[in-house]
Amino acid sequence: MGFSASTLANFSLASQAAGGVVSAFGAYSQASGQKASLRAQAAVAEANARIDELGAQATLRDSQLQIADTTRRYGQIKSSQRATMAANGVAVDAGGSAAELQDSTEFLKDADMATLQINAARAAFGQRMQAGNQRTQAAMSRANASAINPGLAMGTSLLGSAGRVAASWYQLKGSQPQTLAPEGDPIRALYTLNNGWE
């Protein structure tokens, strides 16, 4: 038992239509997946930005601890210098070399503290720049996600498939004998049946 050409043609049209529907659902699923992926990327970028900001704050706090340690250490050095000078009979509060030694120690302390502050500020700035870049990336991912419309992707796919199915239908009808509409146009056939839409 075989199938007639008309049955096979109708089966072909139905297969095309079913394929179009499956393709439309695939387009919807793909667009939904892309949207979810972009939202996840935005969330990760935001989390990374928070981590970078916390790193910048920790760097600044650590530098404050290092500065306090440096101040303590130089205080000990100055105390040791004063004790040594006093033990050797040098007038500690008088001018001259004793004052110059203490001034030199104070200068070194200030230079070390400035270096610690500058290094911490640079490191924190770099971490905050990275945090800003992460926030920008998150904003771009959210914008791209909001531009994706799974329903529109599905509709576009359906329209494309409908056009191909219609073209096949018109081609099929054009190759078969027509009784209502010699051109193979169903709209024209309805027009003819209704005596010009009266």
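All values reported here derive from a predicted model rather than from experimental measurement.

S.K.: Describe the overall build of the chain, naming the residues involved and giving the relevant values.
M.R.: Counting its secondary structure elements, the chain contains 4 helices and 0 strands. Sequence-ordered secondary structure for the chain, helices as α and strands as β, is α-α-α-α. Sorting the 198 residues of the chain into buried and exposed places 22% on the buried side. Counting only contacts in the chain whose residues sit at least 6 apart along the sequence, the fraction spanning at least 24 positions is 76%. Summing over all exposed atoms, the chain offers an accessible surface of approximately 13000 Å²; the carbon and sulfur share of this is 60%.

S.K.: Quick rundown of a nonpolar patch on the surface? Include the residues and the values.
M.R.: Taken together, the side chains of Val-21, Phe-25 and Leu-158 present a nonpolar region at the surface, about 260 Å² in accessible area. When you line up the elements, Phe-25 lands in helix H1 (residues 5-87).

S.K.: Tell me about the pattern of salt bridges, and name the residues and values.
M.R.: As enumerated under the stated definition, the model contains 5 salt bridges in all. Across the pair Glu-46 and Arg-142 runs a salt bridge, and its minimum N-O distance is 3.5 Å. Note that Glu-46 is positioned in helix H1 and Arg-142 in helix H2 (residues 97-147), a separation of 96 residues in sequence. Connected through salt bridges with shared partners, the residues Lys-78, Glu-106 and Lys-109 form a single ionic network.

S.K.: Go over the side chain of Ser-141, please, and point to the residues and values.
M.R.: Considering the arrangement of structural elements, one finds Ser-141 in helix H2. With a relative accessible area of 1%, Ser-141 lands in the buried category. Other than its neighbours up to four places away in sequence, Ser-141 contacts Leu-38, Gln-41 and Ala-42.

Scoring rules and cut-offs
- Residues numbered from 1 in each chain as written.
- Predicted model: local features only at pLDDT ≥ 70, side-chain atom pairs only at ≥ 80, totals over all residues.
- Heavy atoms only, no water.
- Helix = DSSP H or I, 4+ residues; strand = E, 2+ residues; numbered from the N terminus.
- Buried < 20%, exposed > 50% of the residue type's maximum accessible area, 1.4 Å probe, protein only.
- Contact = heavy atoms within 4.5 Å.
- Areas by Shrake-Rupley, 256 points an atom, 1.4 Å probe, with all protein chains shown as cover.
- Patch = residues over 30% accessible without salt bridge, like charges linked within 9 Å, V, L, I, M, F, W, Y side chains within 5 Å.
- Salt bridge = Lys/Arg side-chain N within 4 Å of Asp/Glu carboxyl O.

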